[in-house]
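Structure assessment
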Amino acid sequence: MQQQPIVAADVLEALLLALGTADTAVIGQAEADLRRALTKPAFIGDLLDRLQRSPNAQVRQLAAVLMRRKVGGHWSKLPPPVQAQLKASLLTHLAAEPERLVRRATAGVAAVVAKHTLPKGEWAELLAFVTACAADAADAGKRELAMVLLQSLLESEAVVECAARAICRNSYRNSFGARSRYRRRRAAPSHTTHPLLRRTMRAHYASLQQLLLTALAEQRGPVARAALAAVGSWASTLSDEADVLLLRPLVPPMLAASSAAIDEGDEEPAQTTCEVRC
C-alpha cells in the first residue's frame, strides 16, 4: 500500500513496543499517540506495514488487533486501489505468518474486511483461501486457520447472507459456502427462510459435515479444538430435525477430541460437545 505514512515505521514500531512495557506513563503516552493516529483512515496502511514487516511478533499481533478494531469504520473511506491491496496483503500474510497468535489476530482483520466486501460480491479469493487451507494436509497451522476464519466469518450476518446467495449460484466446490447457509438461518428463523433457498443450502451440508469430520479426526491439538468450536457454531443454527441429524456422525469424533482436550487441560471443548449433544 504505497501512501504517505501517518506515523513513520520506526516510530510506530516503538509505540507498539511501548504498549508491552511495565511503565504506565510510557504506555499512556503511546496510547494517546495511537488514538490520534487511529482516527485517520490512512493509518490502516501504517499498521499493515508493521504487520507485514516487523521482526517482533508482539508488534505484529498488536498491529493486527488495532487494524481489526478500526478497519471496519475506515473501510469506505479507503480508495478502491488501497482496499484491493489490503485484501491481497492480508491473504499473503495469513499464508506466510509463522506465529499462531499473529495468524489468529490477522484472521480477525480478514473477518471484518469480509463483512464489508463479501455482501457486495467481492473478495471471492478469501473463500478460495479458506478452502485451500482446510485441505492442506502438510500444514496443521493452515488447517486450524481455516477453521478460525470460518468461525469468524459466521459471526457476521451480512457475510452469511452473501455466502447463502453464493451457494445458490455456484458454490458446490466451496466448503465455506456450504457452512454459510446454516448461519443464514441464524439471521432469519427457518420458518421465514424461502423454501427454495433452504433446500439449496441443505444440499451443501454434506460438504461441511465432511470438512468437520476430517478436522475432528485429528483428535488432539488446535485443529481439532477449532473444529469443535466450528461444530458448535453450526449446531446453533440448525433447526430442522433432518438437518440436526447431520450432527450424529460428528458426535463420536467430538467426544474423542473433547476427551483429548481435557487431557491437555482445556475444558471448553467438552462444554461445546455437551451443548451439541443436548
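Above this text sits the structure in question.
Calculation notes
Position numbers for residues count from 1 along each chain, tracking the sequence in the order it is written. With the structure being a predicted model, the display of local features is reserved for residues of pLDDT at least 70 and the display and counting of side-chain atom pairs for 80 or more, all residues being used for whole-chain, interface and lining totals. Excluded from the side-chain calculation are hydrogens and water; included are all heavy atoms of the structure. To qualify as a nonpolar core, a set must consist of buried Ala, Val, Leu, Ile, Met, Phe, Trp, Tyr and Cys residues joined through side-chain atoms within 4.5 Å. For every residue, the accessible area obtained with a 1.4 Å probe (protein chains only) is divided by the maximum for its type, and the residue is called buried under 20%, exposed over 50%, and partly exposed between those limits. Pairs of residues are marked as contacts when any of their non-hydrogen atoms sit within 4.5 Å. To qualify as a helix, a DSSP run of H or I must reach at least 4 residues; to qualify as a strand, a run of E must reach at least 2; elements of each kind are numbered from the N terminus. Each helix should span, by expectation, one fewer than its residue count multiplied by 1.5 Å. Convention adopted: a line fitted to C-alpha atoms gives each axis, helices being fitted over their contacting stretch, and angles between N-to-C directions are expressed from 0 to 180 degrees. By the definition adopted for this analysis, an angle is roughly parallel if under 35 degrees, roughly antiparallel if over 145, roughly perpendicular if from 65 to 115, and oblique otherwise. Handedness of a helix crossing follows the sense of rotation of the near helix relative to the far helix, less than a right angle counterclockwise being left-handed and clockwise being right-handed. When a carboxyl oxygen of Asp or Glu is within 4 Å of a side-chain nitrogen of Lys or Arg, the pair counts as a salt bridge. Nitrogen and oxygen atoms within 3.5 Å of one another constitute a polar contact, given that in protein one can donate a hydrogen and the other can accept it, and given that sequence-neighbouring residues count only through two side-chain atoms. Charged residues are defined narrowly, with Lys and Arg counted positive, Asp and Glu counted negative, and His plus the chain ends left uncounted. Cavity: a set of points on a 1 Å grid over the protein atoms alone where a 1.4 Å probe fits but cannot get out. Pocket: an open set with protein on both sides within 12 Å along at least five of seven lines, its lining residues, like those of a cavity, having an atom within 4 Å of a point. Grid points are joined across faces, edges and corners, and a volume is the space filled by probe spheres set on the points. Note on residue classes: Ala, Val, Leu, Ile, Met, Phe, Trp, Tyr, Cys and Pro are nonpolar, Asp, Glu, Lys and Arg are charged, and everything else, Gly too, is polar.

A closer look at the nonpolar core
- Core analysis: the largest hydrophobic core is formed by 66 residues, its most contacted members being Met 67, Leu 86 and Trp 123.
- Apart from residues lying up to four places away in sequence, Trp 123 is in contact with Lys 87, Leu 90, Leu 91, Ala 110, Val 113, Ala 114, Thr 117 and Leu 118.

Some thoughts on helix α15 (residues 251-263)
- An ideal rise of 1.5 Å per residue puts 18 Å on 13 residues; α15 measures up with 18 Å between its terminal C-alpha atoms.
- For α15, the set of buried residues is Val 251, Pro 253, Met 254, Ala 257, Ser 258, Ala 260 and Ala 261.

Examining the packing of helix α4 (residues 57-74) against helix α6 (residues 100-117)
- Viewed as axis vectors pointing N to C, α4 and α6 meet at an angle of 15 degrees, and their least axial separation amounts to 8 Å. Comparing the axis directions of α4 and α6 gives the class roughly parallel. Note on packing geometry: the crossing formed by α4 with α6 is left-handed. Taken together, the residues of α6 that come into contact with α4 (itself represented by Ala 57, Arg 60, Gln 61, Ala 64, Val 65, Met 67, Arg 68, Val 71 and Gly 72) are Leu 101, Val 102, Ala 105, Thr 106, Gly 108, Val 109, Val 112, Val 113 and His 116.

Structural notes on the pattern of salt bridges
- A full pass over the atoms with the stated rule returns nine salt bridges.
- Here Arg 36 ties to Asp 33 by a salt bridge, and the two come within 2.3 Å at their closest N and O atoms. With Arg 36 and Asp 33 both in helix α2 (residues 24-38) and three residues apart, the pair spans about one turn of that helix.
- For Asp 139, the salt bridge identified is with Lys 142, shortest N-O distance 3.8 Å.
- Classification of Asp 139 by relative accessible area gives partly exposed; the value is 30%.
- Connected via shared salt-bridge partners are Glu 13, Asp 49, Arg 50 and Arg 53.

A closer look at α2
- Taking 1.5 Å per residue as the helical rise, α2 with its 15 residues ought to reach 21 Å, and the 20 Å between its terminal C-alpha atoms agrees with that figure.
- When α2 is considered as a whole, its buried residues turn out to be Ile 27, Ala 30, Ala 32, Leu 34, Ala 37 and Leu 38.
- Check the buried side of α2 and you find it contacts α1 (9-18), α3 (43-53) and α4.
- Looking at where α2 begins, the residue whose side-chain oxygen comes 2.9 Å from the main-chain nitrogen of Ala 25 is Asp 23.

Concerning the side chain of Lys 87
- Inspection of the secondary structure puts Lys 87 in helix α5 (residues 80-96).
- Despite being buried, Lys 87 has no salt bridge partner; Glu 122 is the closest side chain of opposite charge, sitting 4.1 Å away.

Here's the deal with empty space enclosed by the protein
- With the rule as written, the count across this model stands at two cavities of 30 Å³ or more.
- Taken as a whole, the largest cavity holds about 50 Å³ of empty space.
- Taken together, Ala 134, Arg 143, Ala 146, Met 147, Leu 211, Thr 214, Ala 215 and Val 223 make up the lining of the largest cavity.
- Class assignment for the residues of the lining of the largest cavity results in six nonpolar, one polar and one charged.
- Considered as a void within the structure, the second largest cavity measures approximately 40 Å³ in volume.

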